[in-house]
Amino acid sequence: MNIDRLAHAFRRLFDSEQGAADRLIPRWLVLRALGGIYFSAFFSLIFQIRGLIGPQGILPANEYLQAVAHSFGQGRGLWFAPTLLWLSSGPHMLTALCWVGMIASLLLIMNAWPRGMLAVCFVCFLSFVSAARDFSGYQSDGMLLEMGFIALFFAPSGFRPGLGRPSPPSRASLFLLQWEWFRIYFESGVAKIAGGDPEWRHFTAMDEYYQNGPLPTWIGWYLQHLPHWFHASTAFATLALELALVWMLFLPRRWRIACFLIVTPWELGVILTANYTFLNYLVLTLGVLLLDDRSLLGFFPARWQKFLATGATPQEDGVQTSGRFLAPFKIAKLSLTAVALSWIFYATMAELIWMLSPLPLPASPVEALEPFRVANRYGLFGIMTRGRYEIEFQGSEDGKTWVPYPFRYKPQDSNQRPGIYAPYQPRFDWNLWFASLGSWQDYSIVPRTEVRLLSNDGDVLNLFATNPFPQGPPREVRAVIWQYWFTTMSEKRTQGLWWRREFLGLYAPTLEAHPMARSTA
């Protein structure tokens, strides 16, 4: 009897045929949004990937994979860096990776074979992340891979599943996606307190937040000029939301709906005031899982509501039947699902516990999943940056007159209005913000970019807005650093400037082209 109850509980947790039948509409919406986010990720990569990790890029993938193979051997190296680029890391393969990912994400949006398209998107994006080193060390990348992998078990089966009534979302996959939403908030709140930053303790963390983030927006410029009480209030609200309000996820239905109504406008505000790539779009999307079918029906036209509540598409009429010959396959599939989802839950729970207390939990299951980025620890803005610094690359023919290389997205010209680019992710511009907070010895992308600019490498030059040396490469290239501030309201009104800046000096050594290389070029 106990075995029967255990088997029933096991199937109720992991078997989609006994899944959460009241979450069909939220699942449909979440998977369409996930397809759009995947598309944005691949779309932004197709313009950058060759300059980032191509053979003539800043951090060539082939160099990295050769080093991995030399250190770990081919077998262990494949686990350490799970990527299709082991087959080839040439320009055509990199471009194909992006195109295949974009096509699969569009098919996912159109609800064509969701599980298959999710698998393709996951493999393609993981292939980039595993080989991109500094250009993929972002929490947004890990969050997308974690969500994308769990969605493989969350999505309906079939080639044209409609709402997927025969295979509702398994309760385990639904919970893990909600768990990911919870952790991105709660772990970020824990990081803010555990990090010991006095700015969070004194509620001054938001005073210069809009100015000092990676890629500010023009809306953030205006919010920056609001009085201190506003910034103190938003700092307190951030901690309250991340550490307390998100626990409403585990409360009854009405509390979850109330939580959704609070966090959704909050995330929209973050999207408008800062370019955090697709991270906040992921959080916004996962928040939909706080709702159920009944709470969403009212947003659809009356003629759709009857169908959504009780109807089924022709594709859904063919309810899956399982003969005896399929029983072993179903058992194996269910067992694999249980192992995968339980493993992710243990790893993420262990990561959260270690943030709070160094308990001696087994670490090997956590370490084994690290290369796949499907069980992550989050922690946004645990330490606030105190100042905005910008790296600028400059070239010169005589060592006296220096011409800057113009960026596409990050602040540079004082009269250039900060834009809104997210979910598009300019990884080169984004990474230079991190580099500006450290030294060039710790961020090899800076001297490597200087080397590529000395040869007028086309793939790397495509990362910039224009090439200031179209007739040939400069004789010298250097990287300098500036400090930036938002202008005041009066400066903006009288001079039309969004930024003011101060030159601080060299960031990295000046490099000079070899005479033979210049003559060859």
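Described below are features of the structure shown in this document.

## Considering the environment of Leu-145
Point 1. Counting through the fold element by element, Leu-145 comes out in helix H7 (residues 139-154).
Point 2. Judged by its relative accessible area of 0%, Leu-145 falls in the buried class.
Point 3. Note: C-alpha distance between Leu-145 and Trp-229 (84 residues apart in sequence) is 38 Å.

## Let's talk about empty space enclosed by the protein
Point 1. All told, the structure shown has three cavities of 30 Å³ or more when counted by the stated rule.
Point 2. Of the pockets and cavities examined, the largest cavity occupies roughly 80 Å³.
Point 3. What lines the largest cavity is Leu-215, Pro-216, Tyr-409, Lys-410, Pro-411, Gln-412, Gln-416, Arg-417, Pro-418, Gly-419, Tyr-421 and Trp-499.
Point 4. Among the residues making up the lining of the largest cavity, the classes are represented as seven nonpolar, three polar and two charged.
Point 5. Estimated volume of the second largest cavity: approximately 40 Å³.
Point 6. Looking at the second largest cavity, the residues that line it are Tyr-209, Tyr-210, Gly-213, Leu-215, Pro-216, Thr-273, Ala-274 and Tyr-276.
Point 7. The residue makeup of the lining of the second largest cavity, split by class, is six nonpolar, two polar and no charged.

## Quick look at the sheet that holds strand S3 (residues 476-486)
Point 1. In space, the four strands of this open sheet follow the order S2-S1-S3-S4, with antiparallel pairing throughout. Two strands close off the open sheet at either side, each with one partner strand: strand S2 (403-404) and strand S4 (499-512).
Point 2. Sheet topology note: the S3/S4 ladder contains 10 bridges and is antiparallel. Note that in S4 the partner of Tyr-484 across the bridge is Arg-501.
Point 3. Sheet strands touched by helix H20 (residues 427-436): strand S1 (388-396), S3 and S4. Its angle to S1, the strand with the most contacts, is close to 110 degrees.
Point 4. Here helix H21 (residues 445-453) sits on the sheet in contact with S1, S3 and S4, set at roughly 70 degrees to S4.

What counts and how
Residues numbered from 1 in each chain as written. Predicted model: local features only at pLDDT ≥ 70, side-chain atom pairs only at ≥ 80, totals over all residues. Heavy atoms only, no water. Helix = DSSP H or I, 4+ residues; strand = E, 2+ residues; numbered from the N terminus. Buried < 20%, exposed > 50% of the residue type's maximum accessible area, 1.4 Å probe, protein only. 1 Å grid on protein atoms, 1.4 Å probe; cavity = no way out; pocket = protein on both sides within 12 Å on 5 of 7 lines; lining within 4 Å. Points joined across faces, edges and corners; volume = space filled by probe spheres on them. Nonpolar A, V, L, I, M, F, W, Y, C, P; charged D, E, K, R; others polar. Pairing = 2+ DSSP bridges. Contact = heavy atoms within 4.5 Å. Axes fitted to C-alpha atoms, helices over the stretch in contact; angles between N-to-C directions.

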